[in-house]
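Coordinate inspection notes
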Amino acid sequence: MNSKLKKNSDWLDEYHQGVRYGLQGKLIIEESSPFQKITIFESKRYGKALLLDDCWMTAEKSEKFYHECLIHPALCCSTQIENILIIGGGDGGSARECLKYKEVKSIDLVEIDLKVIELSKKYLPTIGGNAWSDSRLNLQIKNGINWVKHKKENSYDVIIIDGADPIGPSKELFSNSFLTDCKRILKQGGILATQSESPESFQQIHINIVKVLREIFDYADPMYGSVSIYPSGLWSWTFASMEKPKYMFPKKNRVNEISENCQIWSERLQQGAFNSIPAFIERELAKT
């Protein structure tokens, strides 16, 4: 996958398997960190957008379709939500959604690339919002794999994996060993949530993520929705828990607390999104 802003053109495209996914606008800044290429692009339709290694990550006017669907099925349903871990999430959107809940006391946000956070704060301040100044947010510029590996058992009520596509620094976030460590540090009654790619553009990767989680946890199910700037527009998030699929049962008091502050997620949307699994994906997941 790569993107290119052609000479005398105001379009920036992500290329994926013979298809272009582009926005019209202008390049703001392009920098390289020790980990990846970081691009900020101001589009006419979706506002300022972030690309990592030439892949669209988020945009001001579409990010809620992604962040609300990643966060609220986990936080509305987990037994406790006092202590949260976010792996990745350097744009601040996931932290912002978690901090809508008064029950949340502490969030460890572990992001490997400080430059992503710095550029997001400067050019995409509406995505993180007040999260960066909230005393409950503990920012850690560290490797998320190592953080999880060395954390003691039963450390977190909810674990959020908000990484990029499984290439480069995000590749290991979908590995069996990393997800097994996540299970170890997750408290009883807790929920793990991860973005799990497009069932259309990344079909096999998506299936593999769900299958690995089902091997590690008692229950894991994908939820489907739309994120317009991503390849195919069809996206997924997968949730996992032990003993029962807790992510299927939102707690009414939490739903009532945050519903008015959500633009995309609702209890009704969540129910429908879990039930909207494409038939070919359901058949593949049923295979042993």
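Before reading further, recall that the structure is shown in the block above.
This report concerns the structure included in the present document. (Residues numbered from 1 in each chain as written. Predicted model: local features only at pLDDT ≥ 70, side-chain atom pairs only at ≥ 80, totals over all residues. Heavy atoms only, no water.)

1. Section: the pattern of salt bridges
The line we're drawing: Any Lys or Arg side-chain nitrogen located within 4 Å of an Asp or Glu carboxyl oxygen qualifies as a salt bridge. Summary of the burial criterion: residues with accessible area below 20% of their type's maximum are buried, those above 50% are exposed, and those between are partly exposed, where the area comes from a 1.4 Å probe applied to protein chains only.
One pass over the full model with this rule turns up 17 salt bridges. Where Lys64 meets Glu63, a salt bridge forms, and the shortest distance between an N and an O atom there is 3.4 Å. Take Lys64: its relative accessible area is 30%, and that puts it in the partly exposed class. When the shortest N-O distance is used, the salt bridge between Arg214 and Asp221 registers 3.2 Å. Three or more residues joined by partner-sharing salt bridges are found here, namely Glu63, Lys64, Arg96, Glu97 and Lys100.

2. What to know about the packing of helix α7 (residues 203-216) against helix α10 (residues 279-286)
Using the following cut-off: Only the stretch in contact is used when fitting a helix axis, every axis being a line fitted to C-alpha atoms; angles between N-to-C directions are given from 0 to 180 degrees. Strands are runs of DSSP state E lasting at least 2 residues, helices are runs of H or I lasting at least 4, and numbering of each runs from the N terminus. Between 65 and 115 degrees an angle is taken as roughly perpendicular, under 35 as roughly parallel, over 145 as roughly antiparallel, and anywhere else as oblique. Here is the rule for handedness: rotate from the far helix to the near one, and if that takes an anticlockwise turn smaller than a right angle the crossing is left-handed, while a clockwise turn gives right-handed. Residue contacts are counted whenever heavy atoms from the two residues lie within 4.5 Å of one another.
At a minimum axis separation of 10 Å, α7 and α10 run at an interaxial angle of 45°. Classified by the angle between their axes, α7 and α10 sit oblique to one another. Note on packing geometry: the crossing formed by α7 with α10 is right-handed. Within the contact between the two elements, α7 uses Gln203, His206, Ile207, Val210, Lys211 and Arg214 and α10 uses Phe280, Ile281, Glu284 and Leu285.

3. Examining unusual backbone geometry
Here the phi dihedral of Asn154 falls at roughly 55°; this positive angle occurs in a residue that is not glycine. Among the structural elements, Asn154 can be located in the loop between α5 (144-150) and β10 (156-162). A positive phi angle, near 70°, is found at Glu197, a position not held by glycine. The class of Glu197 is buried, set by a relative accessible area of 0%.

4. Looking at the side chain of Asp54
The line we're drawing: In protein, a polar contact requires one atom able to donate a hydrogen and another able to accept it; more generally it is a pair of N or O atoms within 3.5 Å, and residues adjacent in sequence count only if both atoms are side-chain atoms.
Mapped onto the secondary structure, Asp54 falls in the loop between β5 (47-52) and β6 (55-59). For Asp54, the side chain forms a polar contact with the side chain of Lys37, separated by 2.9 Å.

5. Some details on the packing of aromatic side chains
Inclusion rule: Classification of ring pairs rests on two measures: the distance between centres of Phe, Tyr or Trp rings, Trp counted by its six-membered ring, which must be within 6.5 Å, and the angle between planes, read as stacked under 30 degrees, edge-to-face over 60 and tilted in between.
According to the stated counting rule, one finds eight aromatic pairs in the structure shown. Between Phe41 and Trp56 the ring centres are 6.1 Å apart and the planes differ by 65°, which places this aromatic pair in the edge-to-face class. Placement of the pair is Phe41 in strand β4 (residues 37-43) and Trp56 in strand β6, with a sequence separation of 15 residues. By the burial criterion, Phe41 is buried, and Trp56 matches it. Measuring from centroid to centroid gives 6.0 Å for Tyr66 and Tyr230, while their planes differ by 75°, and the two rings are edge-to-face. Of this pair, Tyr66 sits in helix α1 (residues 63-75) while Tyr230 sits in the loop between β12 (219-226) and β13 (234-241); the two residues are 164 residues apart in sequence, bridging distant segments of the chain. Taking relative accessible area as the criterion, Tyr230 reaches 5% and is therefore assigned buried. Grouping aromatic residues by their ring pairs yields a cluster made of Tyr66, Phe202, Tyr230, Trp235 and Trp237.

6. Things to note about a nonpolar patch on the surface
The condition that has to hold: Put simply, a patch holds well-exposed residues, over 30% relative accessible area, that have no salt bridge, with like charges counted together within 9 Å and Val, Leu, Ile, Met, Phe, Trp or Tyr side chains within 5 Å. Using a 1.4 Å probe, the Shrake-Rupley method yields the accessible areas, and only the shown protein chains count as cover for residues.
Taken together, the side chains of Leu114, Leu139 and Ile141 present a nonpolar region at the surface, about 220 Å² in accessible area. Mapped onto the elements of the fold, Leu139 is located in strand β9 (residues 137-140).

7. Here we look at the pairing of strand β3 (residues 19-32)
Filter applied, for reference: For two strands to count as paired, DSSP must find a minimum of two bridges between them.
Across six bridges, the pairing between strand β2 (residues 11-16) and β3 is antiparallel. Within β3, the residue paired with Asp13 across the bridge is Gly22. Linking β2 back to β3 in an antiparallel pair, the connection comprises two residues, with Gln17 at a positive phi of about 50°. By the bridge criterion, seven bridges tie β3 to β4 in an arrangement that is antiparallel. Along β4, the bridge assignment pairs Ser32 with Lys37.

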